[in-house]
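Chain by chain, the residues:
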Amino acid sequence: MPKWFARLFAVIMILACIATAYYAYRHEKLSYAVEDARVSLETSRARENKQEFEYNQITEAIPEKERELELLLPQSQAALATLTDLRATRDQLREEYNTLQETLAISDEESTRLQNDFTVRMQNLEAEIIHVEEDLNRALRLLVESTPASAPSIP
């Protein structure tokens, strides 16, 4: 065999090996993509079946829930009316509480003022009592001094 033929054969074989390796890689990649798509499709179908089952359950339960809702609706409306009344009562009671708090504050101020006034008057009265007692003692002393010596003395 000629040398050029051996070289051409070697180049063709190397190219064939590269092409075979490339196609093997591409085949593996495509096989993985096909398998992934198959698994994804199975998952989607299973999810669809599950969703369909759940939808059927919900569809069957709707009439029963509607009946329950019809039974509960009057109670709910009554509770809502009661809630509205209670909120109005709460607001009214808050207003009354605030009014009473203001009245209490005014009463406390008035009480404090009256207590202070009472204390001042009591101090003035005590001072006046002391002054009257002193005047009475002086008057009594003057009376005793002015009486004749023969009269009995008052202790």
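Residues numbered from 1 in each chain as written. Predicted model: local features only at pLDDT ≥ 70, side-chain atom pairs only at ≥ 80, totals over all residues. Heavy atoms only, no water.

Q: Sorry, what's going on with the overall build of the protein here?
A: Within the protein, the regular secondary structure consists of one helix and zero strands. For the protein, whose C-alpha radius of gyration is 57 Å, the value lies well above the compact-globule estimate of 15 Å for 155 residues. Relative to its 155 residues, the protein shows a buried fraction of 0%. Split by element, the accessible area of the protein, about 14600 Å² in all, is 62% carbon and sulfur. Mean positive and mean negative side-chain charge positions of the protein (17 and 27 charges, respectively) differ by 23 Å. (Helix = DSSP H or I, 4+ residues; strand = E, 2+ residues; numbered from the N terminus. Rg over C-alpha atoms; globule rule 2.2 N^0.38 Å. Buried < 20%, exposed > 50% of the residue type's maximum accessible area, 1.4 Å probe, protein only. Areas by Shrake-Rupley, 256 points an atom, 1.4 Å probe, with all protein chains shown as cover. Lys, Arg positive; Asp, Glu negative; His and termini not counted. Charge placed at Lys NZ, Arg CZ, Asp CG, Glu CD.)

Q: Help me out: how do you make sense of the packing of aromatic side chains in this one?
A: Applying the stated criterion across every chain, the model contains two aromatic pairs. Pairing Trp4 with Phe5 gives two aromatic rings, centres 6.1 Å apart and planes at 85 degrees, and the pair type is edge-to-face. For Trp4, a relative accessible area of 58% corresponds to the exposed category. Measuring from ring centre to ring centre gives 5.6 Å for Tyr22 and Tyr23, while their planes differ by 65 degrees; the resulting arrangement is edge-to-face. (Phe/Tyr/Trp six-rings, centres within 6.5 Å; stacked < 30°, edge-to-face > 60°.)

Q: Please explain the pattern of salt bridges as it appears in this structure.
A: If the charged atoms of two oppositely charged side chains come close together, the side chains can form a pair. Counted under the stated rule, the structure contains eight salt bridges. Linking Arg90 and Asp91 is a salt bridge whose minimum nitrogen-to-oxygen distance equals 3.8 Å. What makes Asp91 partly exposed here is its relative accessible area of 37%. Here Glu110 makes a salt bridge to Arg113, at a shortest N to O gap of 2.4 Å. You can see Glu110 and its partner Arg113 sitting in helix 1 (residues 3–146), three residues apart, about one turn around the helix. (Salt bridge = Lys/Arg side-chain N within 4 Å of Asp/Glu carboxyl O.)

Q: What's the story with a nonpolar patch on the surface in this structure? I'm lost.
A: On the surface, Met1, Trp4, Phe5, Leu8, Phe9, Ile12 and Met13 cluster together into a nonpolar patch covering about 810 Å² of accessible area. Its place among the elements puts Trp4 in helix 1. (Patch = residues over 30% accessible without salt bridge, like charges linked within 9 Å, V, L, I, M, F, W, Y side chains within 5 Å.)

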